[in-house]
Amino acid sequence: RKEVEQDPGPFNVPEGATVAFNCTYSNSASQSFFWYRQDCRKEPKLLMSVYSSGNEDGRFTAQLNRASQYISLLIRDSKLSDSATYLCVVFPGGSYIPTFGRGTSLIVHP
Amino acid sequence: GAVVSQHPSRVICKSGTSVKIECRSLDFQATTMFWYRQFPKKSLMLMATSNEGSKATYEQGVEKDKFLINHASLTLSTLTVTSAHPEDSSFYICSAPGTGTGNTIYFGEGSWLTVV
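Quick caveat, the model's predicted, so the values are computed rather than measured.

A. Fine view of the overall build of chain B. Within chain B, the regular secondary structure consists of zero helices and eleven strands. Overall, chain B shows an N-to-C arrangement of helices and strands of β-β-β-β-β-β-β-β-β-β-β. Its C-alpha atoms give chain B a radius of gyration of 13 Å, near enough to 13 Å, the size a compact globule of 116 residues would have. Buried residues in chain B amount to 50% of all 116 residues. Partitioning the intrachain contacts of chain B with sequence separation of at least 6 by distance along the chain shows that 52% fall at a separation of at least 24.

This is how it looks when you write it as structure tokens:
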């Protein structure tokens with residue numbers, strides 16, 4: 001089993017839709033979790049951190065489920081500009097080296 | 001905020017030549033930097049961890065003699081792809097951990113290498 005797994009998609013949704021991605025991790029001692037956004041042929045950029053209590057930033061909501069070992073990202077009212085690949089990043093417990101998921105591709109169409 | 005700068009952003013080289021990619025932390029010191037490789041539609045693959053003043057730590061399967069990493073100062077790490085072949089063509093990206101709390105990662109802009 002891979003350390004961090006994501007459904008690669010693509011998720012094809014119309015503008016205004018709500019879409020959710022999950023990311024599972026295998027190391028139960030993992031401490032820090034993030035969602036990054038990567039546009040085509042560009043470097044990843046931090047979208048949001050994922051806290052145990054959940055985290056909301058505008059149309060984006062991130063949640064952590066430690067019992068089931070997954071994090072989620074919910075995007076409401078999708079915009080065309082949300083089209084990108086969303087990377088799940090997990091720091092295994094005691095490690096400063098992040099582990100990346102392969103990314104989930106989102107395509108928002110008119 | 002902290003910035004990591006990577007150069008060049010794009011490079012085309014002939015087979016058999018060597019290419020150097022630089023990664024600089026612009027307003028903070030980075031004792032550690034990470035070098036990744038990414039193929040189209042694939043995840044970032046950690047190649048090596050660059051440590052200032054000491055040898056890099058390479059991931060399993062990464063050829064040390066082919067991908068030379070030097071971290072000579074607290075703000076500069078370099079990756080040299082030696083004797084490049086077309087299969088080395090890829091997106092190479094560096095990152096550095098931030099100095100604050102929360103495991104922040106700062107990425108360079110990435111370098112597209114094409115070997116012809």
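Now, onward.
B. How the structure looks around the interface of chain B and chain A. Listed by partner, the interface residues are 21 residues for chain B and 17 residues for chain A. Both sides of the chain B and chain A interface together cover about 1,600 Å² of buried area, and 59% of this is carbon and sulfur. On inspection of chain B and its partner chain A, the count reaches zero salt bridges. At the junction of chain B with chain A, the criterion picks out four residue pairs in polar contact (both at pLDDT 80 or more). Those elements giving two or more residues to the side of chain B that touches chain A turn out to be strand E4 (32-38), strand E5 (45-51), strand E9 (90-97) and strand E10 (105-107) of chain B. Residue contributions to the side of chain B that touches chain A peak at four residues, all from E4(B). Looking at side-chain class alone, the side of chain B that touches chain A contains nine nonpolar, eight polar and four charged residues.

C. Summary view of the sheet that holds strand E8 (residues 70-75) of chain A. Residues and elements named next belong to chain A. Spatially, the five strands line up as an open sheet ordered E1-E3-E8-E7-E6, and their pairing is antiparallel. This sheet does not close on itself; its edge strands, each paired only once, are strand E1 (4-6) and strand E6 (55-57). Averaged over all pairs of adjacent strands, the angle between their axes in this sheet comes to 15°, without regard to strand direction. For strand E3 (residues 19-25) and E8, the ladder comprises six bridges, and the chain directions are antiparallel. Pairing of Thr24 across the sheet is with Tyr70, part of E8.

D. Representation of the nonpolar core within the structure. Counting 25 residues, the largest nonpolar core has Trp35(B), Phe67(B), Ile69(B), Leu79(B), Tyr92(B) and Leu113(B) as its most contacted members. Taken together, the elements giving at least two residues each to this core come down to strand E2 (10-13), strand E3 (19-25), E4, E5, strand E7 (67-73), strand E8 (76-81), E9 and strand E11 (111-115) of chain B. Aside from chain neighbours lying at most four places away, what touches Leu79(B) is Val19(B), Lys20(B), Ile21(B), Trp35(B), Phe67(B), Leu68(B), Ile69(B) and Tyr92(B). One finds Ala17(A), Phe60(A), Leu64(A) and Val108(A) within the second-largest nonpolar core, a separate group that totals 23 residues.

What counts, and where the lines are drawn
Residues numbered from 1 in each chain as written. Chains lettered and ligands numbered in written order. Predicted model: local features only at pLDDT ≥ 70, side-chain atom pairs only at ≥ 80, totals over all residues. Heavy atoms only, no water. Helix = DSSP H or I, 4+ residues; strand = E, 2+ residues; numbered from the N terminus. Rg over C-alpha atoms; globule rule 2.2 N^0.38 Å. Buried < 20%, exposed > 50% of the residue type's maximum accessible area, 1.4 Å probe, protein only. Contact = heavy atoms within 4.5 Å. Buried area = accessible area lost by both parts, 1.4 Å probe. Salt bridge = Lys/Arg side-chain N within 4 Å of Asp/Glu carboxyl O. Polar contact = N/O pair within 3.5 Å; in protein donor to acceptor, adjacent residues only side chain to side chain. Nonpolar A, V, L, I, M, F, W, Y, C, P; charged D, E, K, R; others polar. Pairing = 2+ DSSP bridges. Axes fitted to C-alpha atoms, helices over the stretch in contact; angles between N-to-C directions. Core = buried A, V, L, I, M, F, W, Y, C linked by side-chain atoms within 4.5 Å.

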